[in-house]
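Listed below are the residues making up each chain.
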Amino acid sequence: MTYERNLRKIPKKMNEFPIQKVIRQRKSIRDFKPEPVPKELIEKIIEAGIWAPSNSNRQPWEFIVVTGNKLKELNEKLREALEIGKSSKRELKTWDDAYPRPKEGERRSRELMKGMLEYAQKAGLKPQEFIKRNFSFFGAPVVIVVLMEKGYGYGSLVSVGACIENMLLQAWELGLGTCWMMIPLEYGDVFRELFEIPEDKYLVSTIALGYASDSPINEFRSTRDPIEKFIKWYE
């Protein structure tokens, strides 16, 4: 079969292309039904992830899938750590303290938090109660912990990000919700102890996965700045 025969027919209008629809519709879910997710769907989501491009095809990602009683144990240990303030140093931070924080990034974060808390209030949640729910993954029945060996270097984190994006999009297409979360890793020691994760691996991120509930919090959708803010053209 030739390469040309393998090519998809490109739609006349870009909005007819299914991937565009999935990209625009996907959003973070912050309240889940307790309904379990079939193992074959979880595997399909992870398989979509590992087909992401990676630097020199190194495929640096690893996953721990947590469900059932083990997830209950994780949630309980995170709750205990939160109550006693047993925070551990998070290796991969979302801000670099060696540099000033980008003002536009801080503005977007503030707008996100304001919007989330407004919808949390509609759901009958107080701000602190809503924030604490991060550490039980908003009731998700599945948590995927994403790891990477430190030997791959920081540059390979870009590849892992592409992998996670594939997973989020595949989940949405399957009718499942996700929330890409780093805040639970404030208590990284809990993860390392519970899942015997060695120090030579980064705790990159966690993904809450499940079926979205009807809570008003799930009506919230983050915004995007105009594309002109992000591009410089040189011709």
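Above this text you will find the structure in question.
Being a predicted model, the structure only gives us computed values, none of them experimental.

1. Some remarks on the nonpolar core
Item 1. Counting residues in hydrophobic clusters, the biggest one holds 32 residues, and the most contacted among them are Leu-74, Leu-78, Phe-137, Val-145, Phe-191 and Phe-195.
Item 2. Of all elements in the fold, only β1 (61-66), α4 (68-84), α5 (103-122), β2 (142-149), β3 (177-181), α8 (188-195) and β4 (201-210) reach the threshold of two or more residues within this core.
Item 3. Setting aside residues no more than four positions away along its own chain, Leu-74 makes contact with Phe-137, Val-190, Phe-191, Leu-194 and Phe-195.
Item 4. Judged by nonpolar contacts, the second largest core, of 24 residues, contains Leu-92, Val-146, Ile-164 and Tyr-202.

2. Focus: the pattern of salt bridges
Item 1. Taken as a whole and assessed by the stated rule, the structure comprises 17 salt bridges.
Item 2. For the salt bridge of Glu-83 with Arg-79, the shortest nitrogen-to-oxygen distance reads 2.5 Å. Here Arg-79 and Glu-83 lie together in helix α4, a separation of four residues that amounts to about one turn.
Item 3. Taking the relative accessible area as the measure of exposure, Glu-83 reaches 57% and is therefore exposed.
Item 4. The partner of Asp-225 in a salt bridge is Lys-229, and the shortest N-O contact between them spans 3.8 Å.
Item 5. The exposure class of Asp-225 is buried, given its relative accessible area of 16%.
Item 6. Among the ionic contacts, a cluster of salt bridges with common partners joins Glu-104, Arg-107, Arg-108, Glu-111, Asp-225 and Lys-229.

Parameters and conventions
- Residues numbered from 1 in each chain as written.
- Predicted model: local features only at pLDDT ≥ 70, side-chain atom pairs only at ≥ 80, totals over all residues.
- Heavy atoms only, no water.
- Core = buried A, V, L, I, M, F, W, Y, C linked by side-chain atoms within 4.5 Å.
- Buried < 20%, exposed > 50% of the residue type's maximum accessible area, 1.4 Å probe, protein only.
- Helix = DSSP H or I, 4+ residues; strand = E, 2+ residues; numbered from the N terminus.
- Contact = heavy atoms within 4.5 Å.
- Salt bridge = Lys/Arg side-chain N within 4 Å of Asp/Glu carboxyl O.

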